[in-house]
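What follows is each chain in one-letter form.
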Amino acid sequence: MDQNFCRHYKGDCYPPTNRYCRNCPEAEPACNRIWQAVLDLSNSNNGGPVILPDTRAVMYPNPKNPNIVHLKINVKWNLTKEDFLHYIATGHARMGRKEQRKDPSVSPSLTRQEPYVHSIAKMLGGTKNPLIQDVLKNQKGK
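Numbering of residues begins from 1 in every chain and follows the order in which that chain's sequence is written. Thresholds applied to this predicted model are a pLDDT of at least 70 for local features of residues and 80 or more for the giving and counting of side-chain atom pairs; totals over whole chains, interfaces and linings are not thresholded and use all residues. The basis for every side-chain value is the complete set of non-hydrogen atoms in the structure, without hydrogens or water.

Peer 1: So, the overall build of the protein: which residues are in play, and what are the values?
Peer 2: Numbering of helices and strands runs from the N terminus, with a helix taken as a DSSP run of H or I at least four residues long and a strand as a DSSP run of E at least two residues long. When its secondary structure is counted, the protein shows four helices and four strands. For the protein, the sequential pattern of α-helices and β-strands runs α-β-β-β-β-α-α-α. Each radius of gyration is computed over the set of C-alpha atoms, and the globule rule expresses the reference value as 2.2 Å times the number of residues to the power 0.38. The C-alpha atoms of the protein give a radius of gyration of 14 Å, which matches the 14 Å a tight globule of 142 residues would have. Any pair of residues with heavy atoms lying within 4.5 Å of one another is described as a contacting pair. Long-range contacts, defined here as pairs at least 24 residues apart, represent 53% of the contacts in the protein between residues at least 6 apart. Each accessible area value is a Shrake-Rupley result obtained with a 1.4 Å probe; residue values ignore everything except the protein chains displayed when judging cover. Taken as a whole, the protein presents about 7,600 Å² of accessible surface, with 50% of it coming from carbon and sulfur.

Peer 1: Lay out the packing of aromatic side chains in plain terms, naming residues and giving numbers.
Peer 2: Pairing of aromatic rings covers Phe, Tyr and Trp, the last through its six-membered ring, and needs centres within 6.5 Å; plane angles under 30 degrees mean stacked, over 60 mean edge-to-face, and all others mean tilted. Following the criterion strictly, the structure yields four aromatic pairs and no others. Ring geometry for Trp77 and Tyr116: centres 5.3 Å apart, planes at 65°, overall edge-to-face. Here Trp77 is found in strand S4 (residues 76-80), whereas its partner Tyr116 is found in helix H3 (residues 116-123), with 39 residues between them in sequence. The pair formed by Trp77 and Tyr116 is uniform in burial state, with each residue classed as buried. Members of the aromatic cluster, joined through ring pairs, are Phe5, Tyr9 and Tyr20. Between Lys76 and the ring centre of Tyr60, over which it is positioned, the NZ or CZ distance is 4.7 Å. Burial status follows relative accessibility: with a 1.4 Å probe on protein chains alone, a residue under 20% of its type maximum counts as buried, one over 50% as exposed, and anything between as partly exposed. Placement of a charge over a ring requires the Lys NZ or Arg CZ to be within 6 Å of the ring centre, with the centre-to-atom vector within 35 degrees of the ring normal.

Peer 1: Describe the nonpolar core, naming the residues involved and giving the relevant values.
Peer 2: Residues enter a nonpolar core if they are buried and are Ala, Val, Leu, Ile, Met, Phe, Trp, Tyr or Cys, with the set joined through side-chain atoms within 4.5 Å. If you look at the biggest cluster of nonpolar residues, it comprises 38 residues, and the most contacted ones within it are Met59, Phe84 and Ile120. Elements that contribute at least two residues to this core include exactly helix H1 (30-42), strand S3 (68-72), S4, helix H2 (81-90), H3 and helix H4 (130-140). Top contributing element to this core by residue count: H1, with eight residues. For Met59, the residues in contact, after removing those within four places along its chain, are Val38, Leu41, Ser42, Gly48, Pro49, Val50, Leu52, Val69, His70, Leu71 and Ile120.

Written out as structure tokens, the structure reads:
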């Protein structure tokens, strides 16, 4: 995880601070709006699977936790809010081992989220989406 992916991140890449985005006081409005767009996309098929283009994965909503959506190929796994926001900032969300927590290309949850996060971002309009632009400005402070 790139500890400098966001100017608001306060943590050391280790649990529980790797989940800081879930309660960041600066998440409103930019980060929360783009995450809401991800949640809305996950719900866009009335709770059914949403196909992620250019991958074999599908996305499902998680009605029990608004900080997580589910992805599935053969098994379900979590895509967390912080993994998605880390990807927006860095372009990376790779799998890692616990000793790789500070590797800037590894996702905060250490799970493999590429190419799925790329597909989701693309479905939301990519870097030209004003919501993604707002998140980048919020993360960088510009």
